[in-house]
There are 2 protein chains.
Amino acid sequence: MLAVPKRDRRAERRAATRREIVDAAWQVARDKGLAQVTLRDVADLVGMRPPSLYSHFAAKNAIYDAMFGDAWTQFLEAQKAAEADEPAASRAALRYYARVYFDFAVAFPARHELMSLHTIPDFTPSPDAYAPSVASMESFVARMAKHGAGRQEDVDIFVAIVGGMVDAQLANDPGGDRWARLLDRTIDMFADNIGITDERIRP
Amino acid sequence: MLAVPKRDRRAERRAATRREIVDAAWQVARDKGLAQVTLRDVADLVGMRPPSLYSHFAAKNAIYDAMFGDAWTQFLEAQKAAEADEPAASRAALRYYARVYFDFAVAFPARHELMSLHTIPDFTPSPDAYAPSVASMESFVARMAKHGAGRQEDVDIFVAIVGGMVDAQLANDPGGDRWARLLDRTIDMFADNIGITDERIRP
DNA sequence: GTCTATACACCGATAGAC
DNA sequence: GTCTATCGGTGTATAGAC
């Protein structure tokens, strides 16, 4: 027997307020940096006093937790949206997966810092917030497997080198393209190692 | 005309106290994390009151700055010490460079965080503290050039993928060897791409 | 249920006595 | 050079107004 989908206006309002708070926290993170998010700044943006945030989140880290889940959900959607233009050829597909992740990360460094670096003291994502990250990884592994790169070792190397290119770009040439230009060639290195025989970029 | 090297006992004592403070800060970073270093904890370890630290460092970030220079000086020395066992064959040499950096970074995560990630808010290394990092990079580029991998693009990719392996290891398998085991194969990918023809590890 | 007012402990930093 | 005292700012907890 199915539950009747009765609307709960109170719950809707609560969820909307939580959304407002998380969005405000994103804005502060974008403007001042992830670690510079303070409850006072967030409260100012949503028109509350700082302690009022505790009616919606148990602690500051609970806001980070919601942001973490939010960020991976955003990437999951970006991943799904990117399916439409996914190339059929294996080498081109690998380049495309790397580019989708790279561009997503570089577009919003504070978000990438929260998603991938473990830089916020005493913050560990909850299982709920971690779920979209796992879903994204599972979807990614399935696609890698289609191109003969689904072994854990292959995926581990791919994830590490793409992450390394992102971090090098953000740390050493923020706003530039010094490592972005080298991404295709780096993925070709990987594709050669896996044994993919499509056309490639010469060093 | 050479300056007479006259000893300055006052300056020596000052330098020794600075060393004590920096070492205490390293210990706190090792025990609690880089961002968890507080002036109170450092002062406790050296037997001072927190404000007394300001007689030796202008600000907390000045301590981080000294640690940054210290860390890269340590790596510079590790690099020099590793020269003795450097393999002659190019592929083996590249693997060796990567391993020296990887092991150094993984041995002390908080130090690596300070050296490579830019995770401390409002901290930018001073030119003085940056100098040993530049010296280390110049020495590294010269060695890469000996093996035909001295172009900026080659070095950029090498640095990014080794850094990516380190970060993946520390973030996803701290204390383990899931990415450490894949480092040689990853460097082989790079060596193949450069056109080095020594023996290699098959995927 | 939601928000405010108040308070607390801790942080980096400064001023001034000794 | 080191101390005490103190400042403004932070995350957090709680009592109570509405």
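Residues numbered from 1 in each chain as written. Chains lettered and ligands numbered in written order. Predicted model: local features only at pLDDT ≥ 70, side-chain atom pairs only at ≥ 80, totals over all residues. Heavy atoms only, no water.

### Considerations on the side chain of H147 of chain A
(1) Moving on: In this fold, H147 of chain A is placed in the loop between α6 (127–146) and α7 (152–172).
(2) Moving on: The residues touching H147 of chain A, leaving out its near neighbours within four places in the chain, are E86, A88, A89, S90, A93, Y97 and I196 of chain A. (Helix = DSSP H or I, 4+ residues; strand = E, 2+ residues; numbered from the N terminus. Contact = heavy atoms within 4.5 Å.)

### Looking at unusual backbone geometry
All names here are of chain A.
(1) Moving on: In this structure, D122 is a non-glycine residue whose phi angle is positive, near 60°.
(2) Moving on: With respect to the helices, strands and loops of the structure, D122 is situated in the loop between α5 (109–115) and α6.
(3) Moving on: Judged by relative accessible area, D122 falls into the exposed class, the value being 71%. (Buried < 20%, exposed > 50% of the residue type's maximum accessible area, 1.4 Å probe, protein only.)

### Some thoughts on the protein's contact with DNA strand D
(1) Moving on: The full set close to DNA strand D counts 15 residues, and K60 of chain A together with R49, S52, S55 and H56 of chain B are the nearest of them.
(2) Moving on: Atoms of DNA strand D within 4 Å of the protein: sugar and phosphate make up 62%, bases the balance.
(3) Moving on: S52 of chain B places a polar side-chain atom, nitrogen or oxygen, 2.5 Å from a phosphate oxygen of DNA strand D.
(4) Moving on: Its residues assigned to classes, the surface near DNA strand D comprises seven nonpolar, four polar and four charged. (Near = heavy atom within 4 Å. Polar contact = N/O pair within 3.5 Å; in protein donor to acceptor, adjacent residues only side chain to side chain. Nonpolar A, V, L, I, M, F, W, Y, C, P; charged D, E, K, R; others polar.)

### Considerations on the relation of the copies chain B and chain A
(1) Moving on: Placing chain B over chain A gives an RMSD of 0.1 Å and needs a rotation angle of 180°, together with 0.0 Å of translation along the axis. What the rotation and shift describe, once combined, is the action of a two-fold rotation axis. Of the C-alpha atoms belonging to chain B, the one lying closest to the rotation axis is found on G164 of chain B, 1.8 Å away.
(2) Moving on: Both copies present the same face, since 100% of the interface residues in chain B are matched by interface residues at the equivalent positions in chain A. (Least-squares fit on C-alpha atoms with pLDDT ≥ 70 in both.)

### Side note on the domain arrangement of chain A
All names here are of chain A.
(1) Moving on: Splitting chain A by domain gives domain 1 (9–57) and domain 2 (67–194).
(2) Moving on: For domain 1 and domain 2, the distance between their C-alpha centroids amounts to 28 Å.
(3) Moving on: Each partner contributes residues to the interface: domain 1 has eight residues there, and domain 2 has twelve residues.
(4) Moving on: Surface buried jointly by domain 1 and domain 2 totals about 870 Å² across both partners, of which 76% is contributed by carbon and sulfur atoms.
(5) Moving on: Considering only the surface of domain 1 that becomes buried against domain 2, W26, R30 and L34 emerge as the three largest contributors, covering 74% of it.
(6) Moving on: In this structure, the connection of domain 1 to domain 2 is made through one salt bridge. (Domains from an automatic or database assignment. Buried area = accessible area lost by both parts, 1.4 Å probe. Salt bridge = Lys/Arg side-chain N within 4 Å of Asp/Glu carboxyl O.)

### Some words on the side chain of N193 of chain B
(1) Moving on: With respect to the helices and strands, the residue N193 of chain B is situated in helix α8 (residues 183–194).
(2) Moving on: Residue N193 of chain B is classed as buried on the basis of its relative accessible area of 3%.
(3) Moving on: Among the polar contacts made by the side chain of N193 of chain B, one reaches the side chain of R185 of chain A at a distance of 2.9 Å.

### Focus on the interface of chain B and chain A
(1) Moving on: The partner chain A presents 31 residues to the 30 residues of chain B that form the contact.
(2) Moving on: Interface area for chain B against chain A, summed over the two sides, is near 2,800 Å², with a carbon-plus-sulfur share of 55%.
(3) Moving on: Where chain B packs against chain A, one counts four salt bridges.
(4) Moving on: The partner of R178 of chain B in a salt bridge is D156 of chain A, with the nearest N and O atoms 2.7 Å apart.
(5) Moving on: Counting the contacts that link chain B with chain A gives nine residue pairs in polar contact (both at pLDDT 80 or more).
(6) Moving on: Counting residues per element, the ones that place at least two in the side of chain B that touches chain A are α7 (152–172) and α8 of chain B.
(7) Moving on: In terms of residues, the side of chain B that touches chain A owes the most to one element, α7 of chain B, which gives twelve residues.
(8) Moving on: Residue composition of the side of chain B that touches chain A, grouped by class: 14 nonpolar, eight polar and eight charged.

### Considering the packing of aromatic side chains
(1) Moving on: Scanning all chains against the criterion turns up 20 aromatic pairs over all chains.
(2) Moving on: Residues F75 of chain B and Y101 of chain B carry aromatic rings whose centres are separated by 5.5 Å and whose planes lie at 90° to one another, so their mutual orientation is edge-to-face. Of this pair, F75 of chain B sits in helix α3 (residues 60–82) while Y101 of chain B is found in helix α4 (residues 90–107), placing the two residues 26 residues apart along the sequence.
(3) Moving on: Judged by its relative accessible area of 17%, Y101 of chain B is buried.
(4) Moving on: Linked through ring pairs, Y64, F68, F123 and Y130 of chain A together constitute an aromatic cluster.
(5) Moving on: Between the NZ or CZ atom of R111 of chain A and the centre of the ring of F104 of chain A, over which it lies, the distance is 3.5 Å.
(6) Moving on: One cation-aromatic arrangement involves R30 of chain B over F108 of chain B; the distance from NZ or CZ to the ring centre is 4.0 Å. (Phe/Tyr/Trp six-rings, centres within 6.5 Å; stacked < 30°, edge-to-face > 60°. Lys NZ or Arg CZ within 6 Å of the ring centre and 35° of its normal.)

### A look at the nonpolar core
(1) Moving on: Core analysis: the biggest nonpolar cluster contains 125 residues, and M67, F158 and F190 of chain A together with M67, F158 and F190 of chain B have the highest contact counts within it.
(2) Moving on: Dropping the residues within four chain positions of it, F190 of chain A is found in contact with L94, M144, A149, D154, I157, F158 and I161 of chain A together with M189 of chain B. (Core = buried A, V, L, I, M, F, W, Y, C linked by side-chain atoms within 4.5 Å.)

### Examining the packing of α3 of chain B against helix α6 (residues 127–146) of chain B
All names here are of chain B.
(1) Moving on: α6 packs onto α3 with a crossing angle of 25° between their chain directions and a minimal axis gap of 7 Å. As far as their axial angle goes, α6 and α3 are roughly parallel. In the crossing of α3 with α6, the sense of the turn from one axis to the other is left-handed. Touching D65, F68, G69, W72, T73, F75, L76 and Q79 of α3 are A129, Y130, P132, S133, A135, S136, S139, F140 and R143, all from α6. (Axes fitted to C-alpha atoms, helices over the stretch in contact; angles between N-to-C directions. Parallel < 35°, antiparallel > 145°, perpendicular 65-115°, else oblique. Left-handed = near helix turned anticlockwise from the far one by under 90°.)

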